[in-house]
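Coordinates in review
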There are 2 protein chains.
Amino acid sequence: MYTRKIQEDPDCGIYLAMRVLGGKWKCCILDAIRGISRPSEIARYITEASTRVIEMQLAELLFYGIVEKCAEDVYPKKTEYKLTSFGETLLPILSKIDQWGIEHAEVIKDRMSELQEDE
Amino acid sequence: MYTRKIQEDPDCGIYLAMRVLGGKWKCCILDAIRGISRPSEIARYITEASTRVIEMQLAELLFYGIVEKCAEDVYPKKTEYKLTSFGETLLPILSKIDQWGIEHAEVIKDRMSELQEDE
DNA sequence: ACAATAACCGATAAAAGATTCGGTATGGGG
DNA sequence: CCCCATACCGAATCTTTTATCGGTTATTGT
């Protein structure tokens, strides 16, 4: 996991939430983890992200107590991750954010593409 | 503004939303901008962030159409930024995130501090 | 015995983002 | 006239995050 050298503590709830939710794929993983729970399945689901990143972000989510690991110690290692009750408190927020993003996808993608044009 | 070299387009609303909201101080600026609107005031309000960052993040918010600039072209340059109607659609989400962060501040800070201990 | 899959970890390269420092231009007060 | 404030921008530098690659351990199917 990454440890920061410079630390801040604005008593800003958003800042704190972003320490937990920030990360390129974390939200997608959380979204995925509601249906599928095994790392290899998540990796197949989110094809854009490498398995390494998924591992790392899962480790962070585990660290913050958002997900928990239920490793049945049997054959081809059936590790499963699932949301903790703490993690579940995030769901309404995540769906709100997701909804907003989808609702305004056109505009955002449009702007985003403008950034790439000139290269 | 930063232009990304590697691009993705997961049709994940959260990912899109994070392109707009991501950034160390953007949420704090959005929070501030409801009361105060001039760059120098924001800078004095968010003392941890340098004026340069605030400028850059304001530029991004402007770019995505979240805020708009109302520069009265008069004396000590009374530039004012305010939320657009698009930006206002973010408010309920931002307050939800903020609320969550404050509600779980103890746990999160606790975990965060653990990361810094060993150096 | 051998290839295949799952779940990891460590090291390092590369990209993205933040900070710092200096600079411009404008106008006001002493 | 000089200094201060505001609002910016550019570039160098550093931190943080992500990507890539290889390695480990264990178990299953052939």
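Now for a quick tour of the structure.

1. Remarks on the packing of helix H6 (residues 91–103) of chain A against helix H1 (residues 13–21) of chain B
Packed helices, taken two at a time, are described by the angle between their axes plus the distance between the axes. Where H6 of chain A meets H1 of chain B, the axes come as close as 7 Å, and the angle between the chain directions of the two elements is 80°. The angle between H6 of chain A and H1 of chain B falls in the class roughly perpendicular. Across from Leu 94, Ile 97, Asp 98, Trp 100, Gly 101 and Ile 102 of chain A in H6 of chain A, the residues of H1 of chain B making contact are Gly 13, Ile 14, Leu 16, Ala 17, Met 18 and Val 20 of chain B. When its residues are assigned to classes, the contact of H6 of chain A with H1 of chain B shows nine nonpolar, two polar and one charged.

2. Regarding the protein's contact with DNA strand C
Every one of the 26 residues lining DNA strand C counts as a neighbour, but Arg 52 and Glu 55 of chain A together with Tyr 2, Lys 5 and Lys 24 of chain B are closest to it. Near the protein, meaning within 4 Å, the atoms of DNA strand C are sugar or phosphate in a fraction of 62%, with bases accounting for the rest. The contact in question runs from a phosphate oxygen of DNA strand C to an N or O atom on the side chain of Arg 44 of chain A, over 3.3 Å. Within the residue set of the surface near DNA strand C, elements represented by two or more residues are helix H3 (39–45), helix H4 (51–63) and strand S2 (78–83) of chain A together with helix H4 (51–63) of chain B.

3. Quick look at the interface of chain A and chain B
If you look at the interface, chain A gives 48 residues, while chain B gives 47 residues. Contact between chain A and chain B buries roughly 4,900 Å² in total, counting both sides, with carbon and sulfur atoms accounting for 75%. Three residues stand out in chain A for area buried against chain B, namely Ile 14, Trp 100 and Leu 115 of chain A, and they jointly supply 14% of the buried area on that side. At the junction of chain A and chain B, the tally comes to zero salt bridges. Counting across the interface, chain A meets chain B through eight residue pairs in polar contact (both at pLDDT 80 or more). The set of elements that each furnish at least two residues to the side of chain A that touches chain B consists of helix H1 (13–21), helix H2 (26–32), H6 and helix H7 (105–117) of chain A. Broken down by element, the side of chain A that touches chain B gets its largest block of residues, nine residues, from H7 of chain A.

Scoring rules and cut-offs
- Residues numbered from 1 in each chain as written.
- Chains lettered and ligands numbered in written order.
- Predicted model: local features only at pLDDT ≥ 70, side-chain atom pairs only at ≥ 80, totals over all residues.
- Heavy atoms only, no water.
- Axes fitted to C-alpha atoms, helices over the stretch in contact; angles between N-to-C directions.
- Helix = DSSP H or I, 4+ residues; strand = E, 2+ residues; numbered from the N terminus.
- Parallel < 35°, antiparallel > 145°, perpendicular 65-115°, else oblique.
- Contact = heavy atoms within 4.5 Å.
- Nonpolar A, V, L, I, M, F, W, Y, C, P; charged D, E, K, R; others polar.
- Near = heavy atom within 4 Å.
- Polar contact = N/O pair within 3.5 Å; in protein donor to acceptor, adjacent residues only side chain to side chain.
- Buried area = accessible area lost by both parts, 1.4 Å probe.
- Salt bridge = Lys/Arg side-chain N within 4 Å of Asp/Glu carboxyl O.

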